[in-house]
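Secondary and tertiary structure notes
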Amino acid sequence: LEFTQNEIKKLEERIKNKDLIMTSNSANEESELFYLKLFLLGLATGRRQIELLQTLEISKKKDLAVFKGLSKKRDEKEFFCEAPILIDIFEAKKLLADVREYLSKYGIEKMNNNQINSKFNGRIGVALKRYIGNYTFHYLRSCYAHSCYELFGGDKDKTLYFQEILGHKEEILPAFAYTSK
């Protein structure tokens, strides 16, 4: 929880203070802001990288966020889940719009998942190391799940709670992988 909260604060500060952005000699401000916003969304929503890049829609339902456009569905018709969000939902929607606007110049809306991953995975991985550390995007998802459990999970079974907020199918194994990190 502490790691997630600290990283969210650092990312928000870097987005607000442009002097903290340029940590790479070849960096340009627009690209670096894209990475910062993407990582902030990853930690705050727990959504997959491809969902943030292309398919995710965020809306509000009482105290939860509704995440639509999940890349892996729970069943034949369900492509959404309701889960906590660790930043203001309106900030998250703005960040997601900014990420998509940045990507529009690459024609991402016409690409499939494999093309998107091929084009962006390497760059995102390098930027993730630069700003957060030697982690993967999947690790951000795990941090989100653990933080939500500490804040909102109560006495619920950890594996079942992770399964619910991450949008996994009823199978326990994928959710269990997050609880053991």
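First, a word on scope: everything that follows refers to the structure included in this document. Keep in mind it's a predicted model, so treat the numbers as computed, not measured.

As a further point, take the overall build of the protein. A count of helical and extended segments in the protein gives eight helices and three strands. Going from N to C terminus, the protein has its helices and strands arranged as α-α-α-β-β-β-α-α-α-α-α. For the protein, the proportion of contacts with a sequence separation of at least 24, taken over those separated by at least 6, is 58%. Of the roughly 9,600 Å² of accessible surface on the protein, a fraction of 50% belongs to carbon and sulfur atoms.

Here the focus is the sheet that holds strand β2 (residues 64-68). Across a sheet, paired strands are connected by hydrogen bonds in the backbone, their directions being either parallel or antiparallel. Across the sheet, which stays open at both edges, the three strands sit in the order β1-β2-β3 with antiparallel pairing between neighbours. The open sheet is flanked by β1 (57-61) and β3 (80-83), the only strands paired with a single partner. Direction aside, neighbouring strands of the sheet carry axes that sit 25° apart on average. Here β2 pairs with β3 via four bridges, running antiparallel. Bridge pairing in β3 links A65 to A83.

This brings us to the nonpolar core. By size, the foremost hydrophobic cluster in this structure holds 52 residues, and its most contacted members are L38, F39 and F67. Setting aside residues up to four positions removed in sequence, F39 forms contacts with L11, I124, A127, L128, Y131, I132, F137 and L140.

Another aspect to go through is the packing of aromatic side chains. In this structure the tally under the stated criterion is 11 aromatic pairs. Summarising the aromatic geometry, the rings of F39 and F137 are spaced 6.4 Å apart at their centres and angled 55° between planes, so their arrangement reads as tilted. With F39 in helix α2 (residues 29-45) and F137 in helix α6 (residues 137-153), the pair connects residues that are 98 residues apart, well separated along the chain. For F137, a relative accessible area of 10% gives the class buried. Of note, R47 hangs over the ring of F67, and the distance from its end group to the ring centre comes to 4.3 Å.

On the accessibility criterion, F39 (0% relative accessible area) is buried. In sequence terms F39 and I132 are 93 residues apart; their C-alpha atoms lie 8.6 Å from each other.

All right, on to α6 then. With 17 residues, α6 ought to run about 24 Å at 1.5 Å a step, and its terminal C-alpha atoms sit 23 Å apart, in line with that. Across the 17 residues of α6, 12 count as buried, placing the element largely inside the fold. Among the residues of α6, those classed as buried are F137, L140, R141, S142, C143, Y144, A145, H146, S147, C148, Y149 and G153.

To continue, consider the environment of S31. One can find S31 in helix α2. S31 sits 72 residues away from L103 along the chain, and the two C-alpha atoms are 9.8 Å apart.

Turning our attention to the pairing of β2. Pairing of β1 with β2, which is carried by five bridges, proceeds in the antiparallel orientation. Paired with K60 across the bridge in β2 is A65. From the end of β1 to the start of β2, which pair antiparallel, there are two residues, and K62 there has a positive phi angle of about 55°.

Cut-offs and rules
Residues numbered from 1 in each chain as written. Predicted model: local features only at pLDDT ≥ 70, side-chain atom pairs only at ≥ 80, totals over all residues. Heavy atoms only, no water. Helix = DSSP H or I, 4+ residues; strand = E, 2+ residues; numbered from the N terminus. Contact = heavy atoms within 4.5 Å. Areas by Shrake-Rupley, 256 points an atom, 1.4 Å probe, with all protein chains shown as cover. Pairing = 2+ DSSP bridges. Axes fitted to C-alpha atoms, helices over the stretch in contact; angles between N-to-C directions. Core = buried A, V, L, I, M, F, W, Y, C linked by side-chain atoms within 4.5 Å. Buried < 20%, exposed > 50% of the residue type's maximum accessible area, 1.4 Å probe, protein only. Phe/Tyr/Trp six-rings, centres within 6.5 Å; stacked < 30°, edge-to-face > 60°. Lys NZ or Arg CZ within 6 Å of the ring centre and 35° of its normal. Expected span 1.5 Å × (residues − 1).

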